[in-house]
Amino acid sequence: MMNKISIKDLNLYYGNGANHALHGINLDIPARQVTALIGPSGCGKSTLLRCLNRMNDLIEGVKIDGLVTLDEQDIYQNVDVASLRIKVGMVFQKANPFPMSIYDNIAYGLRAQGVTDKKTLNEVVERSLRSAALWDEVKDRLKSPAFGLSGGQQQRLCIARTIAMEPDVILMDEPTSALDPIATKKIEDLIQTLKQKYTIVIVTHSMQQARRISDRTAFFLMGDLVEHNNTNILFSTPADDRTRGYVNGDFG
Amino acid sequence: MSYTLTRARKIQDTAAKALIWLGASLTVGFLLWILWYILSNGLAHVNWEFVSSDYTSIGEASGIWPMIVSTIYMVLASIGVAAPIGIMTAIYLTEYAKPGSKLVKVIRFCTESLAGIPSIIFGLFGLTFFVGVLGLGFSVLSGALTLSILILPVIIRTTEEALMAVPQSYREGSYGLGAPKIYTITRLILPSAMPGIVTSIVLSIGRIIGESAPVFLTAGMVARIPESLMDSGRTLTVHLYKLTQELYTIHEWNQAYATATVLIVVVLVINTITKLIASRFNKATY
């Protein structure tokens, strides 16, 4: 099986070294599968996710050592951050559509790369919205503000916006934590479709969600990667006592 | 046991409520009183001829058209200089500078100090530097440069607040899509902050219109339409100041009140426009 992303001995420090947040993480993320990162709040799962598209670069005082490769290429050496983030798209915890129309939201990333051709943009907007299972709901109001959509629709809009850049990997940081069960179900179904084309890494608070949608699961605790395995194995026969305690609901 | 308010607590409550109402009604009351006072004295003497005719000090003509034009020039020139500098400084402070860096602290200290300096000192500086050293003379340009230093802190501060109020999630979303920084700023952050930026400019316009001392010290008091930026000009407020220096006849009093009426109407119009712009931006985006 081919690994899309490979993480080796990754350490991360906040506040110029004051807070050691990730301790020597080693993790391989296979292509075209869903990898779930689980663990209690503050365990470092979101921090690790944000290492994969270098979103942590935006935070002052973050220091990283170790190796993260995408297609065997070190993403912290000789890589243009913008093109990395196009390849590794991200969907955030709270849907964050821009204050513009639905159409302009989807076209934003392409326009930022200098694409102005109307025909291309129209095609990409339609294709992305279809892939995000949103087209039928919004095709008659592409020019109306994105804030008029419901929370679940907004999150699917953000997924469509990411897909529009034709990434290889989609990172999702608790994408359904602010949504009701029906909207959550739609996003989970969408993730199952998307994994045929994209490598998906999802941070989730919900163990049930990890069980439902992921192929592999990694369990984090206080900055350590405790255990990672096929999702079924990790939940049925965890090797580590701490994992067993967490998946049985003893803590967290 | 049941809880009922004690008599003392009830009196306290009533007294507090009365004080709050008193404060609120005094604020509104004073505004209405001043408005009524100025308008009732001035409105009768404002007519098209007053607004559109020339002015001579010896009294053949006593209109305010040259002052209106000078005021407009002064506003355009000052904003033209201060807005780009102020907005770019604010963008630097919020989007580029490391938070808490030395340079940020220095810029912040400078803008705060500038904001606290009495405006006549800017006038004195403008008189020495722009009028004298740079040899710009008493001109609209000298006045506008002086006023632009005066309004710079307002523009920087208000724009900075507007930029900081743009949700961090917009920036993350944009950078997460691989959008370049300058694209993110010009296409996403600035448009989102536009109501705040417009407000800062309108507040500055109010300040420019309202200043007198730094204006006549640098732009002079010539009551003619300036033919260029290098000509002297008399703004409405300076004109009112000049009129109040020599109030001998009832005619001169009327002129002063009429000028004050025009000034007040202009300020009210500007405030209304600000509100409209802000609400239109809000509707367009949210």
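Residues numbered from 1 in each chain as written. Chains lettered and ligands numbered in written order. Predicted model: local features only at pLDDT ≥ 70, side-chain atom pairs only at ≥ 80, totals over all residues. Heavy atoms only, no water.

Visitor: How should I be thinking about the UniProt feature "transmembrane region" (unreviewed entry) in chain B in this particular structure?
Guide: All names here are of chain B. As annotated by UniProt and renumbered to match this structure, "transmembrane region" (unreviewed entry) occupies residues 20–39, 72–94, 106–130, 136–156, 188–209 and 256–278. Strand forms 0% of residues 20–39 and helix 100%; the C-alpha atoms that close the span are 29 Å apart. Between the C-alpha atoms that bound residues 188–209 there is a distance of 32 Å. The span itself is 100% helix and 0% strand. (UniProt positions renumbered as here; feature names shortened; annotations may be inferred. Helix = DSSP H or I, 4+ residues; strand = E, 2+ residues; numbered from the N terminus.)

Visitor: I would appreciate a short explanation of the packing of helix H6 (residues 151–163) of chain A against helix H7 (residues 181–194) of chain A in the present structure.
Guide: Residue and element names in this part refer to chain A. One way to put it is that H6 packs onto H7 with a least axis distance of 9 Å and a crossing angle of 20°. Between H6 and H7, the angle falls in the class roughly parallel. In the crossing of H6 with H7, the sense of the turn from one axis to the other is right-handed. Between H6 and H7, the residues in contact are Gly152, Gln155, Arg156, Ile159 and Ile163 and Ala183, Lys186, Ile187, Leu190 and Leu194, respectively. When its residues are assigned to classes, the contact of H6 with H7 shows 6 nonpolar, 2 polar and 2 charged. (Axes fitted to C-alpha atoms, helices over the stretch in contact; angles between N-to-C directions. Parallel < 35°, antiparallel > 145°, perpendicular 65-115°, else oblique. Left-handed = near helix turned anticlockwise from the far one by under 90°. Contact = heavy atoms within 4.5 Å. Nonpolar A, V, L, I, M, F, W, Y, C, P; charged D, E, K, R; others polar.)

Visitor: How should I be thinking about the sheet that holds strand S4 (residues 63–70) of chain A in this particular structure?
Guide: Within a sheet, neighbouring strands are paired by backbone hydrogen bonds and run either parallel or antiparallel to one another. Residue and element names in this part refer to chain A. A sheet is described by the order of its strands in space; here 4 strands give the open sequence S2-S1-S4-S5, paired in antiparallel fashion. Only two strands of the sheet have a single partner each, and these edge strands are strand S2 (19–30) and strand S5 (73–74). Two strands pair when backbone bridges link them, and strand S1 (residues 3–14) and S2 are joined in this way by 8 bridges, in the antiparallel orientation. Residue pairing across strands places Ile5 opposite Ile29, the latter belonging to S2. (Pairing = 2+ DSSP bridges.)

Visitor: Honestly, the interface of chain B and chain A in this entry has me stumped. Any pointers?
Guide: Many descriptions give the size of an interface as the accessible area lost when the pieces come together. Chain B puts 20 residues into the contact, and the matching count from chain A is 25 residues. For the pair chain B and chain A, the summed buried area comes to about 1,900 Å², and 65% of that belongs to carbon and sulfur atoms. Of all residues in chain B, B:Glu172, B:Leu177 and B:Tyr183 bury the most surface against chain A, accounting for 34% of the area lost on that side. Our enumeration of links across chain B and chain A arrives at 1 salt bridge. (Buried area = accessible area lost by both parts, 1.4 Å probe. Salt bridge = Lys/Arg side-chain N within 4 Å of Asp/Glu carboxyl O.)

Visitor: Hey, could you run me through the packing of aromatic side chains in this one?
Guide: Where two aromatic rings form a pair, the distance of their centres and the angle of their planes describe that pair. Within this structure, the stated rule accounts for 11 aromatic pairs over all chains. Judged by centre distance (6.1 Å) and plane angle (25°), the rings of B:Trp253 and B:Tyr257 are stacked. Here the residue B:Trp253 and the residue B:Tyr257 both occupy positions in helix H11 (residues 250–285), the gap between them amounting to 4 residues, near one helical turn. Overall, the relative accessible area of 38% leaves B:Trp253 in the partly exposed class. Here the aromatic cluster, defined as three or more aromatic residues joined through ring pairs, consists of A:Phe98, A:Tyr108, B:Tyr170 and B:Tyr183. For A:Lys143, the ring lying beneath its charged end belongs to A:Tyr103, and the centroid distance is 4.1 Å. One Lys or Arg, A:Arg161, reaches over the ring of A:Phe98 and ends 4.0 Å from the middle of that ring. (Phe/Tyr/Trp six-rings, centres within 6.5 Å; stacked < 30°, edge-to-face > 60°. Buried < 20%, exposed > 50% of the residue type's maximum accessible area, 1.4 Å probe, protein only. Lys NZ or Arg CZ within 6 Å of the ring centre and 35° of its normal.)

Visitor: Just checking my understanding: could you explain the pattern of salt bridges for this structure?
Guide: Once the charged atoms of two side chains with opposite charge are near each other, the side chains can pair. Under the criterion given, the structure shown has 20 salt bridges over all chains. Salt-bridge contacts for A:Asp104 lead to A:Arg111; the nearest nitrogen and oxygen are separated by 2.8 Å. We classify A:Arg111 as partly exposed; its relative accessible area is 29%. In this structure, the salt-bridge partner of A:Glu166 is A:Arg127, at a minimum N-O distance of 3.2 Å. Residue A:Glu166 is found in the loop between H6 and strand S7 (169–173), and its partner A:Arg127 is found in helix H4 (residues 118–131); the two are separated by 39 residues along the sequence. Residue A:Arg127 is classed as partly exposed on the basis of its relative accessible area of 40%. Several salt bridges converge on common partners, so that one network encompasses B:Arg108, B:Arg157, B:Glu160 and B:Glu161.

Visitor: What exactly am I supposed to notice about the layout of surface pockets here?
Guide: The gaps of empty space that remain are located by a probe, the size of a water molecule, rolled over the atoms. In this model, the largest pocket occupies a volume close to 650 Å³. What lines the largest pocket is a set of 22 residues, among which A:Leu58, B:Thr94, B:Glu95, B:Ala97 and B:Lys181 lie closest to the centre. Of all elements in the fold, only helix H2 (81–87) of chain A together with helix H3 (65–96), helix H4 (102–116), helix H6 (140–164) and helix H7 (168–176) of chain B reach the threshold of two or more residues within the lining of the largest pocket. Among the elements that make up the lining of the largest pocket, the one with the highest residue count is H3(B) (4 residues). Taken together, the residues that form the lining of the largest pocket break down as 10 nonpolar, 3 polar and 9 charged. (1 Å grid on protein atoms, 1.4 Å probe; cavity = no way out; pocket = protein on both sides within 12 Å on 5 of 7 lines; lining within 4 Å. Points joined across faces, edges and corners; volume = space filled by probe spheres on them.)

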